Amino acid sequence: MIGKTDEIKYIVVDSEADALLLENNLIKKYQPRYNILLKDDKTFPWICVKKEHFPRVFSTRTVLKDGSHYFGPYTSVRLLHTLLELIKKLYPLRNCNYKLSEENIKTKKYKLCLEYHIGNCKGPCEGLQTEEDYEQSILNIKDILKGNIVKVIGYLKTLMKDFSADYEFEKAQIVKEKLGLLEKFQKKSTIVNPEIDNVDVFSIVTDEKYGYVNYLKVLNGAIIQIHTIELKKQLDETPEDLLLFAITDIRQRFQSESPEIIISFEINVEIPGVKFIVPKIGDKKKLLELSQRNVQYYQQEKQRQAEELKQKTPQKRILEQMKKDLHLKELPLQIECFDNSNIQGSQAVAAMAVFKNAKPAKSEYRHFNIKTVEGIDDFASMKEVVFRRYRRLLEEKKTLPQLIVVDGGIGQLNSAVAALGELKLKNKIAIIGIAKKLESIFFPGDSVPLFLDKKSETLKVIQQIRNETHRFGITHHRGKREKETIKTEITGIKGIAGETARKLLTEFKSVANVKKAKFEEIEKIIGKAKAKIVFEYFRK
């Protein structure tokens, strides 16, 4: 390492805790070769409380440094949706992206929308809700997301009593319903000991290459947060090194200010205002054991997944993912994709690309000249080529594909399904359509499309075969169109073939320019005898 060092710099800070925080931030920023690597967990969702007038609350996978408050990350999407649903029931908030400045509200720039009329919003856009009232809801939401449910329950109980004292029983009943929701949600939290309050619990297991650290957040006697991270060793770091890095990173990420940290062994570090405890007996020991069971389970799952991945080829893994995403009965070992191509209804052609084991099988690509359809009719053209393709495979007793992809929406898909029905192949071969505008996937008999993740391997394979089919069809169509263009004029001249016509059009660019050309100019391109035929023809 020293041999590869170019320069050494020092940064002086006030305490060891500041040094740990600074080191953590620098490692994230520069990703140095010899430091512990935190495995990326950016795919986990967060709940964002946006920094703006009348803040919105929503889920996101992108954390921006824009002053907004982010809570998470949530390894369970179900928990995240449960929290958002609870917040929606407790506090009507806006979900529009209007800029609700004081000036815009006064000038009535925005109008009430449907969300107001169905009771999901109190109408701050028209000044029907004050910013102070809205802000109180946001403060309560932040407390809920931090796990301070007791504080919110206390506030709501006081509010309910105030409404009752003022004989506003309807309002008191609404607050009572909110209390019921919160208390029901609180019961779902894992209760440990009410006397254990505001504590962080960390445990670690390591192997040759990785360290795994589990974090439990305990507040008001309940576990309100659990998170596990994976750390890659770079220089045979000790468990103490890895644990220190994880404590710094996780406390910073979750904005934890717990004055007490429970760990499984002594570490040689001091953080001002924080006490490290290694419990031997009691409820704190049980908490530590719970954290250790979680981290051991996480390690075993990671090792099992890595072992399964080793045994699978990339192709098999992709095919299994496709089977899962598209709800197929079998692996799509052979996929065939169809696409139509025509310009103003002329030279209508279609193309088919074939993928085997998620890879192009170019020798099996096929072109189709449309024979039974006149004019522009994509649906009828699709029906014709699908029917011809699989009638031939049945006649020749060849293997049928496990998946058919149709380039187009519901109309093209239904036409292809109709063709399969005539061949008594309906429901025997899986078939889908892909509409290019939103890359939506359609299934037979279902008007609601499936939207796959843009980074999904399944979508990438479908896009690749669709693009291959389109490219193959366009190439064939272009060739037909060029032949047809040449044929219409110059090849009508007796004694002039296609190659001669091609040479003339390459040189003169159009038939009109050939007509205007002098005899000597034409002679240079195609010789005296043929030049005389062409020149005489156009002169007449």
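See the structure printed just above.
So, here is what we can say about the structure in this document. What you see is a predicted model, and the numbers here were worked out from it, not measured in a lab.

**Observations regarding the overall build of the protein chain**
- Along the protein chain, the regular secondary structure elements total 17 helices and 18 strands.
- Scored against the burial criterion, the 540 residues of the protein chain give a buried share of 41%.
- The long-range share in the protein chain, meaning contacts at least 24 apart out of those at least 6 apart in sequence, stands at 57%.

**Looking at the sheet that holds strand E2 (residues 46–49)**
- Spatial ordering of the open sheet is given by E3-E2-E4, a layout of three strands whose pairing is antiparallel. The open sheet has two edge strands, strand E3 (57–60) and strand E4 (69–71), and neither has a second partner. Across the sheet, the axes of successive neighbouring strands diverge by a mean angle of 30°, strand direction being ignored.
- Note: E2 against E4, three bridges, orientation antiparallel.

**A few points about a nonpolar patch on the surface**
- Together, Ile 11, Leu 26 and Tyr 30 make up a nonpolar patch on the protein surface, roughly 320 Å² of accessible area in all.
- By the secondary structure assignment, Ile 11 is in the segment before helix H1 (16–30).

**Side note on the packing of aromatic side chains**
- Counted by the stated rule, this structure contains 11 aromatic pairs.
- An angle of 35° between the planes, with centres 5.1 Å apart, marks the rings of Phe 202 and Tyr 215 as tilted. Separated by 13 residues along the polypeptide, Phe 202 in strand E6 (residues 199–206) and Tyr 215 in strand E7 (residues 210–219) bring together distant segments of the chain. Across this residue pair, the class does not change: Phe 202 and Tyr 215 are buried.
- The interplanar angle of 35° and the centroid separation of 6.3 Å between the aromatic rings of Tyr 210 and Tyr 212 together place this pair among those described as tilted. One exposure class covers both Tyr 210 and Tyr 212, and it is buried.
- Each member of the aromatic cluster is reached from another via a ring pair, and the members are Phe 202, Tyr 215 and Phe 254.

**Here's the deal with helix H12 (residues 410–422)**
- Taking 1.5 Å per residue, 13 residues should reach 18 Å; H12 reaches 18 Å between its end C-alpha atoms and fits that length.
- Burial in H12 covers these residues: Gln 412, Leu 413, Ser 415, Ala 416, Val 417, Ala 419 and Leu 420.
- Contacts from the buried residues of H12 go to helix H11 (378–395), strand E15 (403–407), strand E16 (430–435) and strand E17 (440–443).
- Phi turns positive one or two residues past the end of H12, at Lys 424, with a value near 60°.

**Some words on the pairing of E15**
- Counting buried positions along E15 yields five of five residues, so the element is predominantly enclosed.
- Residues Leu 403, Val 405 and Asp 407 line one face of E15 and the alternating positions Ile 404 and Val 406 line the opposite face, and both faces are buried.
- Bridging between E15 and E16 involves five bridges; their strand directions are parallel. Considered in E16, the bridge of Val 405 is made with Ile 432.
- Taken together, E15, H12 and E16 form a β-α-β motif whose crossover is right-handed.

Rules and cut-offs
- Residues numbered from 1 in each chain as written.
- Predicted model: local features only at pLDDT ≥ 70, side-chain atom pairs only at ≥ 80, totals over all residues.
- Heavy atoms only, no water.
- Helix = DSSP H or I, 4+ residues; strand = E, 2+ residues; numbered from the N terminus.
- Buried < 20%, exposed > 50% of the residue type's maximum accessible area, 1.4 Å probe, protein only.
- Contact = heavy atoms within 4.5 Å.
- Pairing = 2+ DSSP bridges.
- Axes fitted to C-alpha atoms, helices over the stretch in contact; angles between N-to-C directions.
- Patch = residues over 30% accessible without salt bridge, like charges linked within 9 Å, V, L, I, M, F, W, Y side chains within 5 Å.
- Areas by Shrake-Rupley, 256 points an atom, 1.4 Å probe, with all protein chains shown as cover.
- Salt bridge = Lys/Arg side-chain N within 4 Å of Asp/Glu carboxyl O.
- Phe/Tyr/Trp six-rings, centres within 6.5 Å; stacked < 30°, edge-to-face > 60°.
- Expected span 1.5 Å × (residues − 1).
- Right-handed = clockwise from strand over helix to strand, strands pointing away.

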